[in-house]
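A look at the structure
One letter stands for each residue in the lines below.
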Amino acid sequence: MNPVVIDTNCLLQIIARRSPYRPIWDAFLDEKYQLCVSNDILEEYQEILEQQISPTVAENIVLLILNKKNVKLIDPFFRMDLITDDIDDNKFTDCAFAAGADYLVSEDNHFKKLHKTPFPQLNLVTLDEFMKTRLIQDSVD
């Protein structure tokens, strides 16, 4: 199963029922890919979902994530410090590296420097790019 790390800004977009990116969430629910998260990522998901939607929805989404069998909890041992403009974003790059993720999905401009980083090679994709992958297209068809 393909390991994927999803940035919080993208999570917010894929969970909305009317979002054009909802097929990404549906593919996760259908276990078409493996969502890789760390404790730090889960804490951020919870915090931002509470702020943007509600504490109840935040708790339900995080519990759903924790209870899916296609979720892998990663404990990154390396702190790569690849993102210097917003060091808080490093939790996603560290998780992607530790998980050997096929995709790191983000719309955050701070991550763009990864395209020029020779090591580690992280496959940074936008929501639109991830939507075009076989993981999602097979779920839509």
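See the structure printed just above.
Quick caveat, the model's predicted, so the values are computed rather than measured.

Reading the values: rules and limits
Residues numbered from 1 in each chain as written. Predicted model: local features only at pLDDT ≥ 70, side-chain atom pairs only at ≥ 80, totals over all residues. Heavy atoms only, no water. Pairing = 2+ DSSP bridges. Helix = DSSP H or I, 4+ residues; strand = E, 2+ residues; numbered from the N terminus. Contact = heavy atoms within 4.5 Å. Axes fitted to C-alpha atoms, helices over the stretch in contact; angles between N-to-C directions. Buried < 20%, exposed > 50% of the residue type's maximum accessible area, 1.4 Å probe, protein only. Core = buried A, V, L, I, M, F, W, Y, C linked by side-chain atoms within 4.5 Å. Expected span 1.5 Å × (residues − 1). Arc of directions from axis to C-beta.

**Overview of the sheet that holds strand β2 (residues 34-37)**
The five strands lie next to each other as β3-β2-β1-β4-β5, forming an open sheet whose pairing is parallel. Each having just a single partner strand, β3 (71-73) and β5 (124-125) make up the two edges of the open sheet. Across three bridges, the pairing between strand β1 (residues 3-6) and strand β4 (residues 103-105) is parallel. Of the residues in β4, the one forming a bridge with Val4 is Tyr103. Against the sheet, helix α3 (residues 39-52) makes contact with β1, β2 and β3, and its axis sits at roughly 95° relative to β2, the strand it touches most.

**Considering the environment of Asn123**
Structurally, Asn123 is set in the loop between β4 and β5. Relative accessible area serves as the criterion here: at 36%, Asn123 is assigned to the partly exposed category. Taking the C-alpha atoms as reference, Asn123 lies 6.4 Å from Asp102; in sequence the two are 21 residues apart. Leave out the neighbours within four places in its chain, and Asn123 touches Asp102, Tyr103 and Leu104.

**Describing the pairing of β2**
Judged by which residues are buried, β2 turns out to be covered on both faces: Gln34 and Cys36 on one side and Leu35 and Val37 on the other are all buried. Where β2 and β3 come together, three bridges link them in parallel fashion. Across the sheet, Leu35 pairs through a bridge with Val71, a residue of β3.

**Observations regarding the nonpolar core**
What tends to happen in soluble globular proteins is that the nonpolar side chains get buried as a cluster. Of all hydrophobic cores here, the largest spans 42 residues; its most connected members are Ile6, Ile24, Tyr33, Tyr45 and Phe130. Among residues more than four places away in sequence, those in contact with Tyr33 are Met1, Asn2, Val4, Ile6, Ile24, Ala27, Phe28, Asn70, Phe130, Leu135 and Ile136.

**Considerations on α3**
In this model, α3 (14 residues) spans 20 Å end to end at C-alpha, consistent with the 20 Å of a helix rising 1.5 Å per residue. Within α3, burial applies to Ile41, Leu42, Glu44, Tyr45 and Leu49. Buried residues of α3 fall within an arc of 160° about the axis and therefore sit on the same side. Pointing more than 90 degrees away from the buried face of α3 are the exposed residues Glu43 and Gln51. For α3, the elements touching its buried residues are β1, α1 (8-15), β2, α4 (55-67), β3 and α5 (90-99).

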